Amino acid sequence: MSELPVQATSATFLGMPSFQRAAKDALANTQQRRNLAHATATIRTKRAAVVGEVEGWEDLRVAGAAAKDEALHHLPDYLEELEANLTARGATVHWARDAAEANQIVIDITRAKGADEVVKVKSMATQEIELNEALEAAGIAAWETDLAELIVQLGHDRPSHILVPAIHRNRAEIREIFVREMGGVGRAAPEDLTDEPARLAEAARLHLREKFLRAKVAVSGANFAIADTGTLVVVESEGNGRMCLTLPETLISVVGVEKVLPSLEDLSTMLQLLPRSSTGERMNPYTSMWTGVTPGDGPQEVHVVLLDNGRSRVLADEVGREALRCIRCSACLNVCPVYERAGGHAYGSVYPGPIGAVLNPQLRGTSSEVDKSLPYASSLCGACFEACPVRIDIPALLVKLRTQVVDEASGRSAEAASMKAAAWMFGDHRRMEAAQRASTLGGRLLGGRTLRSVPGLGAWTQARDVPTPPTQTFRQWWASTHGDDPDAGADEAASPVAGPTGDGVDEATPDEQGATDHRTGGGTAADAESRDPRHTSGESS
Amino acid sequence: MSATTAGTEASPTSGTAARRAPRVALFATCFNDTMWPEAPRATVTLLERLGCEVVFPREQTCCGQMFTNTGYADQATPLVRRFVDVFGGADHVVAPSGSCVGSVREQHAMLARRAGDTGLEREVEELTPRVHELSEFLVDVLGVTDVGAYYPHRVTYHPTCHSLRMLGVGDKPLRLLREVRGIDLVDLPAATECCGFGGTFAMKNADTSIAMGADKARHVRDTGAEVLVAGDNSCLAHIGGMLDRQRSGVRTVHLAQVLAATEEDPA
Ligand code: SF4
């Protein structure tokens, strides 16, 4: 294939409120905040220690980014190579443009095998396309076998972390879910189950074993797909994935097209980067690699579904395509102060945290409420970029997406009007000086008293005192000490009739507006919006 | 006192200015100019004490960070042009703000590129290496860590995200603070974690921002420091606003003010 067609995408978690509203609810959940703060702090410390051991970590990151870029820049070629090598080794390759096509392919193969259930290896791609729901609608039961995914599935819940999907649950909640739900879908939990991690793991093992031994069809994803050998790779911690990859007769792997790597050499780079970044381990316990069909050993029928689902749209964007380098290690989530407090569900997708904030609006577009708000779900502190093993400059991508959101709104908001007014004010130092005079005048009138509430600054003053403007600006001080008169020639610019020129801006007195914006610390237009055993799993695949 | 001696001894190390006092164009930043004039004032005092000739180009306004980071690139681009026009001829541009210097260094070229203005992009790239955050200028260009300051208070330091990650100032501010006479410098727990200000983030995601700021304020209180120091007044306003509201008894002071303070002229 020479070109990837542009796709419609799945609607995972859509109909979500904006990030801000979802985050507000999450912040009120003190149990979840405690779980998240504890879990992310623990894994941050582990990660920092094992990353610190590697000499030349930075070189590895550069190599990882380069390998992914090479694959992405020549994606059609590498995909063709992958397809040819997979086919030569006895696998069947399918192409899916979107979620509906991918789901239908899996359904058709499962039906052709006469099966009414599948066992599943933890897979972000199948969550993204909501395969479990599609299978259920087709009368096929899908059993998650990753322990954390099992908890999420039995709890009729959504994953909230890439690597630790049940990070928001504690042991007591997990025990309760097992006791309540296991019996309905297979072997029941033991009557005397406690919330000790070993007992919970044991209950899950017994429950899952029946399913492993019974299932004829397994569904997986892949962490990597090696073009020059036709090898798929799954990286995990528990070994449950390997049970699925080896026991059933038929294996269907749904693989995002961005998972391709040129060669096995690139894989060695990735296998140094991934476990350290994700679980803070030097190497993960299980790495499974399979190349097509091996007669007499493992699944005798191997299908690979290569999934686009919006990826070619992302790839077409020269800047945004960097997000496709992501190897789903979740390091960016674990260092993100916003994720730590708002939780994973607020991102409205199986891809939460900083990478979700840039990937979702790119995969799905920025038309929904949640996708419009995601680029703003960051303080741009840069911790995600620092942690990312493939050097995705997430803060820069967020800024770019914000520009897209603003451009799409085409200037029709109170915020846009104040931004234009502020830009007009900063466009000339005399206008700025006039605005400052309005501001310092306020400072003089208040006589240094602290403001407790300022109209339009509701959100700010809710928890913080607002500093009063000083009675003298820096430039006034400079003029008085170093001899330059800042008031000279400023008056014509301060005229209230001299509004900002340009489209659709009200003739608001820009000096007033500018001064107010300014005092809020860059928070122009306190805009309308502002008022108003969990870690048991293996790596993502 | 030794303060002034240290200053005058710090001969300029940059090649072009080897035989004369370094000429510094101060970028006060709009935010400091209007709301926290003490920081650029202290910067002037300090740089003059260290033998620099300081000028303040009055035509300067704003680096455009607030616009860029909120998605208003079209509003930010003329400010890039203005910045280059105002500061293009300077030997050194120094600002008492890590985030504004970060915006100049990391975003101006991107904005020029986006506008398709290759001439502007070239000018930005030519100017950028001469734009410094205060601690970088002192340590890298002037080659001093002892600036002769005296500040007899218990202090903890918050390394703001943009200084730390965008600019990579490393431990330069701490090296400067450690040389201050009389200072009792204590480590801040979880120092590298964001305070939650983030410009318009504090408005658009007020609840999350407050949760982050509250944790930062708690860490500051845990140190028992009476002064919180940072190189960015926006972060200090955010954390300080919380500390004030909590009647914590901790005040916030810009790094420049600590470094400018002497026994004769205390802060
Ligand atoms: S963006 Fe980087 S840090 Fe985040 S999950 Fe992807 S690879 Fe890991």
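No experiment lies behind these values; they were computed from the predicted model shown.

Enquirer: Please clarify how the site of the ligand should be interpreted in this entry.
Expert: Cys326, Cys329, Ser330, Cys332 and Cys388 of chain A are the nearest of the 13 residues found near the ligand. Within the shell around the ligand, the residues separate by chemical class into 11 nonpolar, 1 polar and 1 charged.

Enquirer: Before we go on, may I ask you to explain the interface of chain B and chain A in this structure?
Expert: Counting from both sides, the interface comprises 64 residues of chain B and, opposite them, 76 residues of chain A. For the chain B and chain A pair, buried surface summed over both sides reaches about 6100 Å², with 60% attributable to carbon and sulfur atoms. Among the residues chain B hides against chain A, the three largest losses belong to Arg58, Met203 and Arg245 of chain B. Together they make up 15% of the total. Where glutamate 193 of chain B meets arginine 341 of chain A, a salt bridge forms, and the shortest distance between an N and an O atom there is 2.9 Å. At the junction of chain B and chain A, the tally comes to 23 residue pairs in polar contact (both at pLDDT 80 or more). For the side of chain B that touches chain A, the element with the highest residue contribution is helix H12 (residues 206–222) of chain B, accounting for 8 residues. A breakdown of the residues in the side of chain B that touches chain A according to their chemical character gives 31 nonpolar, 18 polar and 15 charged.

Enquirer: Just to check I follow, could you spell out the sheet that holds strand S1 (residues 91–96) of chain A for this structure?
Expert: Two modes of strand pairing occur in sheets, parallel and antiparallel, and in both the strands are linked by backbone hydrogen bonds. All names here are of chain A. The parallel open sheet is built from 6 strands, whose spatial order is S1-S10-S7-S4-S2-S3. Looking at the sheet topology across the chains shown, the edges are occupied by S1 and strand S3 (141–144). Adjacent strand axes in the sheet meet at a mean angle of 25°, parallel and antiparallel pairs treated alike. When strand S2 (residues 117–120) meets S3, the two strands line up parallel, connected through 4 bridges. Looking at S3, one finds that lysine 120 is bridged to glutamate 144. Strands S1 and strand S10 (301–307) of the sheet are contacted by helix H4 (residues 75–88), whose axis makes an angle of about 145° with S1.

Enquirer: Looking at this model, I keep getting lost on the nonpolar core. Mind explaining?
Expert: It is characteristic of soluble globular proteins that their nonpolar side chains tend to be buried jointly. Counting residues in each nonpolar core, the largest one holds 119 residues, and the members touching the most others are Phe19, Phe178, Phe224 and Ile355 of chain A. Per element, the largest residue contribution to this core is 6 residues, and it comes from helix H8 (residues 147–154) of chain A. Once you skip the residues sitting within four places of it in the chain, phenylalanine 224 of chain A turns out to touch Thr231, Leu232, Val233, Lys259, Leu261, Leu267, Met270, Leu271, Leu274 and Ile327 of chain A. One finds Val406 and Met432 of chain A together with Cys30 and Val169 of chain B within the second-largest nonpolar core, a separate group that totals 42 residues.

Enquirer: Hey, could you run me through the pattern of salt bridges in this one?
Expert: Inspection of every chain in the model, using the stated rule, returns 47 salt bridges over all chains. Among the ionic pairs, arginine 154 of chain B bridges to aspartate 184 of chain B, the shortest N-O distance being 3.0 Å. Highlighted residues: arginine 154 of chain B in strand S5 (residues 154–157) and aspartate 184 of chain B in strand S6 (residues 184–186), separated in sequence by 30 residues. Residue classification places arginine 154 of chain B among the partly exposed residues on the basis of a relative accessible area of 30%. The structure contains a network of salt bridges with shared partners spanning Arg44, Glu340 and Arg341 of chain A together with Glu193, Asp215 and Arg218 of chain B.

Enquirer: Whenever I open this one, the side chain of serine 263 of chain A confuses me. Can you help?
Expert: Turning to its location among the elements, serine 263 of chain A is positioned in the loop between strand S8 (260–261) and helix H12 (264–278). Other than its neighbours up to four places away in sequence, serine 263 of chain A contacts Ile226 and Asp228 of chain A.

Enquirer: I would appreciate a short explanation of the packing of aromatic side chains in the present structure.
Expert: Aromatic rings in a pair are described by how distant their centres are and how their planes are angled relative to each other. As enumerated under the stated definition, the model contains 11 aromatic pairs over all chains in all. Judged by centre distance (5.6 Å) and plane angle (40°), the ring pair of phenylalanine 474 of chain A and tryptophan 477 of chain A falls under tilted. Of the two residues, phenylalanine 474 of chain A and tryptophan 477 of chain A are both situated in helix H23 (residues 474–482); the distance of 3 residues between them amounts to about one turn of the helix. Given the relative accessible area of 16%, tryptophan 477 of chain A is considered buried. In this structure an aromatic cluster arises from ring pairing among Phe474, Trp477 and Trp478 of chain A together with Phe56 of chain B. The lysine or arginine in question, arginine 61 of chain A, covers the ring of phenylalanine 385 of chain A, its NZ or CZ lying 5.9 Å from the ring centre. Its end group placed over the ring of tyrosine 376 of chain A, lysine 204 of chain B keeps NZ or CZ at 4.4 Å from the ring centre.

Reading guide: rules and limits
- Residues numbered from 1 in each chain as written.
- Chains lettered and ligands numbered in written order.
- Predicted model: local features only at pLDDT ≥ 70, side-chain atom pairs only at ≥ 80, totals over all residues.
- Heavy atoms only, no water.
- Near = heavy atom within 4 Å.
- Nonpolar A, V, L, I, M, F, W, Y, C, P; charged D, E, K, R; others polar.
- Contact = heavy atoms within 4.5 Å.
- Buried area = accessible area lost by both parts, 1.4 Å probe.
- Salt bridge = Lys/Arg side-chain N within 4 Å of Asp/Glu carboxyl O.
- Polar contact = N/O pair within 3.5 Å; in protein donor to acceptor, adjacent residues only side chain to side chain.
- Helix = DSSP H or I, 4+ residues; strand = E, 2+ residues; numbered from the N terminus.
- Pairing = 2+ DSSP bridges.
- Axes fitted to C-alpha atoms, helices over the stretch in contact; angles between N-to-C directions.
- Core = buried A, V, L, I, M, F, W, Y, C linked by side-chain atoms within 4.5 Å.
- Buried < 20%, exposed > 50% of the residue type's maximum accessible area, 1.4 Å probe, protein only.
- Phe/Tyr/Trp six-rings, centres within 6.5 Å; stacked < 30°, edge-to-face > 60°.
- Lys NZ or Arg CZ within 6 Å of the ring centre and 35° of its normal.

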